[in-house]
Amino acid sequence: MSANTSSITSANQLREAFTGFFESKGHTPVQSASLIPHERTTLFTFAGMVPFKPYFVGDEAAPYKRAVSVQKCARAGGKHNDLDDVGRTKRHLVFFEMMGNFSFGDYFKSDAIPWSWELVTEVFGFDGDQLWITVHESDDEAEQIWHDVVGLPMNRIQRLGDADNFWQMGDAGPCGPCSEIHIDRGAAFGPEGGPLNDKKGDRFLEFWNLVFMQFNQAKDGSRTPLPKPSIDTGAGLERILALMQGTDSVWETDVLFPLVQQAQSLTSAKYRAGDYDDRDSFSLRVLAEHARSATMLVNDGVFPSNEGRGYVLRRIIRRAVRHAYLLGTEKLVMPKLTETAFEVMRTAYPELNANKDFILGVLTKEEESFRQTLKTGITILEDELSGGAKKLGGSTAFLLHDTYGFPLELTQEIASERNIEVDVEGFEKEMSAQRKRAKSARKGAAVNASSVESYRAVMEQHGTTTFVGYETTESTSKVLAVLPVVSDSAEGGNTVEIFLDITAFYAESGGQVGDTGVITSSTGEARVVDTTFALPGLRKHTCEMTRGVIESGQQVQASVDVTIRDATRRNHTATHVLHWALRQVLGEHVKQAGSLVSDERLRFDFSHYASVTQDEIEQIERLANSEVLSNTQTRNYETSKDEATAAGAIAFFGDKYGDMVRVLEAGNSIELCGGTHVRATGDIGLIKIVAESSIGSNLRRIEAVTGENALNFVLDASRTLHSAADLLGASSSDMVATVKRKLSEIKSLQDEIKQLRGGQARQLAGGLAAQHVNGVVISRVDGITPNDLRELALAIRQDSQVQLVVLGGVTDSGGVALVATVSSGVSMSAGDLIKDAAKAVGGGGGGKGDIATAGGKNPAALDEALEIARRVATEAIGS
């Protein structure tokens with residue numbers, strides 16, 4: 001194909017051109033959402049529309065009619081998975097950017113189609129004569145617009161079926177036909193005939209998909225027109241960039257080729273552009289892509305682990321390290337590659353600059369960890385694969401996974417290179433006891449579909465709930481609905497869901513639990529046991545009816561339990577103060593990875609490499625409590641997200657933010673948060689950390705209490721200390737010295753006892769040795785420990801006339817202990833000597849050749865067991 005006529009020469013210019021074009025058409029520019037989606041049914045944000053899904057399905061009202069974005073995407077794991085194809089093709093990537101324009105019930109095909117043509121021909125500079133269009137086989141309207149309005153000849157418009165040109169969100173919901181824009185790259189890439197005749201898509205390359213959401217599909221497959229059709233488009237930045245920079249593939253573009261070059265310099269391998277059979281070039285592409293993907297995933301809060309997103313990230317990193325190993329380099333590659341990824345991506349995503357050291361640390365540590373076992377694991381795997389078998393055993397795959405850190409998929413990839421299958425069923429059986437990936441990020445409880453339909457009906461009829469909980473803890477409200485019921489009323493004793501027009505009850509979000517309290521009407525009373533979001537903006541009060549009935553349309557008094565709310569407030573504000581203190585003590589790399597805030601305690605999960613030492617915990621507590629003692633007024637206010645970010649506010653994990661956000665300023669902490677908080681830091685009371693632990697690779701958890709709960713914790717600890725001091729006869733302040741002294745005394749007594757027992761054993765050993773019969777000593781010695789019995793047998797064997805010793809006894813705990821020892825001149829092992837005797841007392845045991853021990857559960861059979869040992873010993877000596 002001929003070169004385009006555009007002045008766009010870089011990825012940064014392409015992003016700006018796409019966004020700027022649609023801004024000129026009245027679109028609101030929306031920053032890329034995180035790669036970690038709020039949509040719980042998927043591991044990663046896999047398309048540009050994912051952040052807008054609540055607007056398309058009607059769960060939330062869109063804050064703008066038109067939007068444009070350049071969205072970070074990842075396709076690895078689950079339904080959307082391109083990981084195994086990376087490096088093998090010209091286009092497949094794990095991390096990529098999707099440019100898109102969106103209409104939420106505003107414009108439709110008559111605008112979307114001409115605008116797309118204007119952008120690709122006038123801004124991107126593509127030759128219109130080289131562009132081909134596909135439409136759905138039923139979409140006469142789109143075809144007519146492409147032909148009559150845009151002016152495209154009919155021979156370059158082709159109709160395709162559902163598999164290629166129809167999009168749907170799921171089995172039910174919004175859906176509609178697609179129209180795709182393709183560019184003819186010339187005869188060198190394949191035969192003529194348009195996209196219909198190009199199954200691989202190499203010649204007629206698709207680079208932009210326009211989705212026309214115009215139907216709603218029911219569960220039975222029937223479709224009805226949407227009252228407000230919408231637009232969702234997706235254009236792959238890397239694909240378009242390759243076309244604009246005149247390269248054969250995405251690998252030679254300015255977002256990936258610098259990484260390929262860095263991989264070359266680290267490994268000394270030579271890259272052959274366009275050669276997809278060359279093993280070295282394949283490995284270099286894998287290194288380049290996976291370094292960029294891993295960098296962007298860690299930047300958005302994904303950490304290597306053995307489940308969910310973390311497992312996918314770990315697989316990406318370890319796949320890259322394995323390819324570096326294949327290229328013959330044993331030095332670390334991720335640090336340098338990550339540095340290059342920063343240089344490539346930081347202009348578009350400036351947050352990389354703040355997170356650089358942390359990302360480098362995570363990826364370097366992960367590579368170091370895997371390299372410690374990689375060589376041994378590869379050797380084991382190569383030995384197994386070279387044995388001639390057609391299938392690799394599940395036990396070997398499990399060994400590689402469990403001991404050497406090989407993800408199953410990595411083992412499968414290596415085996416497939418030899419055309420050898422892995423016994424996955426056997427692997428799963430080995431893994432069943434340990435597998436924790438069942439707790440993946442998608443395990444969240446599913447909401448019943450019929451419930452969602454009921455909730456949507458409530459919201460469509462009444463709108464969202466007005467929340468007044470920041471200003472008050474009670475409201476006079478109107479009941480909008482009571483669910484689930486047949487007669488739209490609730491009888492006493494039932495658990496129901498009550499929806500109000502106005503509420504002061506905080507719905508669970510951002511880690512803070514939902515409020516509890518009471519809803520009262522003239523005809524009944526309900527105890528609110530939880531408050532959650534049925535749909536975004538629609539608060540649901542889960543209640544137990546304690547008296548009478550509450551019906552739709554009634555006026556009610558809704559009162560929050562103030563005692564529990566106040567305790568929750570203290571813990572929530574304390575969470576923010578602790579986050580600030582953690583970053584001060586441990587470093588700026590600390591990021592929140594989850595939290596739980598209730599009235600009883602707070603739990604805070606965060607990223608960090610190592611366990612937090614006691615000294616660091618004390619520093620954190622001192623800093624946090626200094627904020628409490630300062631008793632500064634908190635500020636909890638609403639502002640624009642841009643202004644909040646400019647003020648230095650930090651976003652909390654798991655929260656979803658619109659253009660307007662709530663900010664909490666508590667002492668030195670400035671963070672985005674929509675929760676409820678104290679009026680001054682002094683209201684928190686004491687902040688006391690009660691636990692610190694690991695919850696996964698590079699993830700730590702602290703738990704803390706505040707207010708009255710902190711006081712109770714300190715008082716309990718004080719009572720325990722005083723009680724222990726009284727038992728030791730010491731003062732509380734002298735406890736440590738007293739315990740050390742007591743331990744020293746105990747050790748001295750234990751040493752004295754050991755010496756006395758040694759003397760007694762020597763005396764007893766001399767007596768028993770003197771009773772030997774032909775060098776054999778068989779004797780019963782009750783009331784001593786198994787270890788003392790063993791030492792006694794060894795002492796007897798020291799006598800030059802003794803060749804073989806078997807001792808048995810009933811221990812203080814009521815069990816049976818047996819020990820056998822033989823001299824060097826005896827051919828029978830000690831284990832064989834007491835094997836049958838051990839069975840007689842209902843036990844078993846073993847040991848080295850010259851000494852063996854055994855235990856049993858049947859003291860009544862001890863004499864019989866010793867007699868068995870005597871016969872075996874006599875035969876051994878006689879032989």
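Each chain carries its own residue numbering, running from 1 in the direction its sequence is written. pLDDT decides what is reported in this predicted model: residues at 70 or higher carry local features, side-chain atom pairs at 80 or more are listed and counted, and totals for whole chains, interfaces and linings draw on all residues regardless. Based on all heavy atoms of the structure, the side-chain values leave hydrogens and waters out of the count.

Is there a simple way to think about helix H10 (residues 334–345) in this case?
Spacing of three or four residues puts side chains on the same side of an α-helix, whose turn is 3.6 residues. Look at H10: 16 Å from first C-alpha to last across twelve residues, which is about the 16 Å you get at 1.5 Å a residue. Throughout, exposure labels follow a simple rule: accessible area from a 1.4 Å probe, protein chains only, divided by the maximum for the residue type, with under 20% read as buried, over 50% as exposed, and the rest as partly exposed. A run of DSSP states H or I qualifies as a helix once it reaches four residues; a run of E qualifies as a strand once it reaches two. Both are numbered from the N-terminal end. Those residues of H10 lying buried are Met334, Leu337, Thr338, Thr340, Ala341, Phe342, Val344 and Met345. Looking at the packing, one finds that the buried side of H10 touches helix H1 (11–23), strand S3 (95–103), helix H7 (257–267), helix H8 (279–299), helix H9 (308–326) and helix H11 (351–385). By this rule the span expected of a helix is its residue count minus one, scaled by 1.5 Å. What makes two residues a contact is simply this: any of their non-hydrogen atoms within 4.5 Å.

So what exactly am I meant to see when it comes to unusual backbone geometry here?
A negative phi angle is the norm for most residues apart from glycine, just as the trans form is the norm for most peptide bonds. Within the chain, Asn419 stands out as a residue other than glycine whose phi angle is a positive 60 degrees. Considering the arrangement of structural elements, one finds Asn419 in the loop between helix H13 (408–416) and strand S11 (421–422). Residues other than glycine seldom take positive phi values, yet Asn774 does so here, at roughly 55 degrees. Mapped onto the secondary structure, Asn774 falls in the loop between helix H20 (735–770) and strand S29 (776–780). Classification of Asn774 as exposed rests on a relative accessible area of 60%.

Can you walk me through the pattern of salt bridges in this structure?
Opposite charge on two side chains lets them pair, provided their charged atoms get close. We count a salt bridge whenever a side-chain nitrogen from Lys or Arg sits within 4 Å of a carboxyl oxygen from Asp or Glu. All told, the structure shown has 46 salt bridges when counted by the stated rule. Where Arg322 meets Glu417, a salt bridge forms, and the shortest distance between an N and an O atom there is 2.9 Å. Here the residue Arg322 occupies a position in helix H9, and Glu417 occupies one in the loop between H13 and S11, the gap between them amounting to 95 residues. With relative accessibility at 2%, the residue Arg322 sits in the buried group. Notably, a salt bridge pairs Asp863 with Arg780, separated by 2.9 Å at the nearest N-O pair. Linking Asp863 in helix H23 (residues 862–878) with Arg780 in strand S29, this pair joins segments that are 83 residues apart in sequence. Residue class for Asp863 comes out partly exposed when judged on its relative accessible area of 48%. It is possible to trace a salt-bridge network through shared partners that takes in Lys72, Asp300 and Glu351.

Is there a simple way to explain the packing of aromatic side chains in this structure?
For any two aromatic rings, the description comes down to two numbers: the centre-to-centre distance and the angle of the planes. Within 6.5 Å between ring centres, the rings of Phe, Tyr and Trp (the latter by its six-membered ring) count as paired, and their orientation is classed by plane angle as stacked under 30 degrees, edge-to-face over 60, tilted in between. Counted by the stated rule, this structure contains 27 aromatic pairs. Summarising the aromatic geometry, the rings of Tyr107 and Trp115 are spaced 4.8 Å apart at their centres and angled 70 degrees between planes, so their arrangement reads as edge-to-face. For Trp115, a relative accessible area of 13% gives the class buried. Among the aromatic side chains, those forming a connected cluster through ring pairs are Phe52, Tyr55, Phe56, Tyr64, Phe102 and Phe104. In this structure, Arg185 packs its charged tip against the face of Phe189, placed 4.1 Å from the ring centre. Definition used: whenever NZ (Lys) or CZ (Arg) falls within 6 Å of the ring centre and also within 35 degrees of the ring normal, the charge is taken to sit over that ring.

Looking at this structure, how should I read the sheet that holds strand S18 (residues 524–535)?
To summarise the sheet geometry, strands pair through backbone hydrogen bonds and adopt either a parallel or an antiparallel arrangement. Two strands form a pair only when DSSP identifies at least two bridges running between them. Taken in spatial order, the six strands line up as S13-S15-S19-S18-S17-S21 and close into a barrel, and their pairing is antiparallel. Taking each pair of neighbouring strands and ignoring which way they run, the sheet shows an average axis angle of 45 degrees. Bridge count for strand S13 (residues 474–483) against strand S15 (residues 495–500) is four bridges, and the pairing is antiparallel. When the bridges of S15 are listed, Val479 appears paired with Leu500. Fitted lines through C-alpha atoms serve as axes, helices being fitted only where they are in contact, and the angles separating the N-to-C directions of these axes extend from 0 to 180 degrees.

Please clarify how the confidence of the model for the protein chain should be interpreted in this entry.
pLDDT runs from 0 to 100 and stands for how confident the predictor is about each residue. The share of residues in the protein chain with pLDDT of 70 or more is 94%, and the mean pLDDT across the chain is 88. Contacts from residues 435–450, a stretch scored under 50 in pLDDT, to residues over four places away or in other chains number 25 contacts. Predicted confidence is poor over residues 485–493, with pLDDT under 50, and the contacts of this stretch with residues over four places away or in other chains come to 18 contacts.

How should the side chain of Lys540 be read in this particular structure?
Residue position: Lys540 is located in strand S19 (residues 538–548). There is a polar contact of 3.4 Å between the side chain of Lys540 and the side chain of Tyr455. Excluding its chain neighbours within four sequence positions, the residues that come into contact with Lys540 are Tyr455, Glu497, Ile498, Phe499, Asp530, Thr531, Thr532 and Ala534. Within 3.5 Å is the distance limit for a polar contact, defined as a pair of N or O atoms, with the added protein rule that one can donate a hydrogen and the other accept it, and that residues adjacent in sequence qualify only through two side-chain atoms.

Would you take a moment to explain the pairing of strand S8 (residues 204–217) for this structure?
Along a regular strand, successive side chains alternate from one face of the sheet to the other. Counted residue by residue, S8 has eleven buried out of 14 residues, so it is predominantly covered. Relative to S8, strand S7 (residues 173–184) runs antiparallel, the two being bridged by ten bridges. Across the sheet, His182 pairs through a bridge with Glu206, a residue of S8. Both S8 and strand S9 (residues 223–236) contribute to a ladder of nine bridges, which runs antiparallel. Residue pairing in the sheet places Val211 in a bridge with Asp232 of S9. Hairpin connection of S8 to S9: five residues between the antiparallel strands, including Gly221 at a positive phi of 95 degrees.

Before we go on, may I ask you to explain the sheet that holds strand S23 (residues 602–607) in this structure?
The four strands are arranged S22-S23-S28-S27 in an open sheet whose pairing can be described as antiparallel. Two strands bound the open sheet, and with one partner strand each, they are strand S22 (592–597) and strand S27 (687–696). Between one strand and the next, the sheet's axes are offset by a mean angle of 15 degrees, whatever the strand orientation. The pairing of S23 with strand S28 (residues 699–706) spans six bridges and is classified as antiparallel. Its bridge partner lying in S28, Ser607 is registered against Leu699. Each of S27 and S28 touches helix H19 (residues 707–728); the most contacted strand, S28, lies at about 95 degrees to it.

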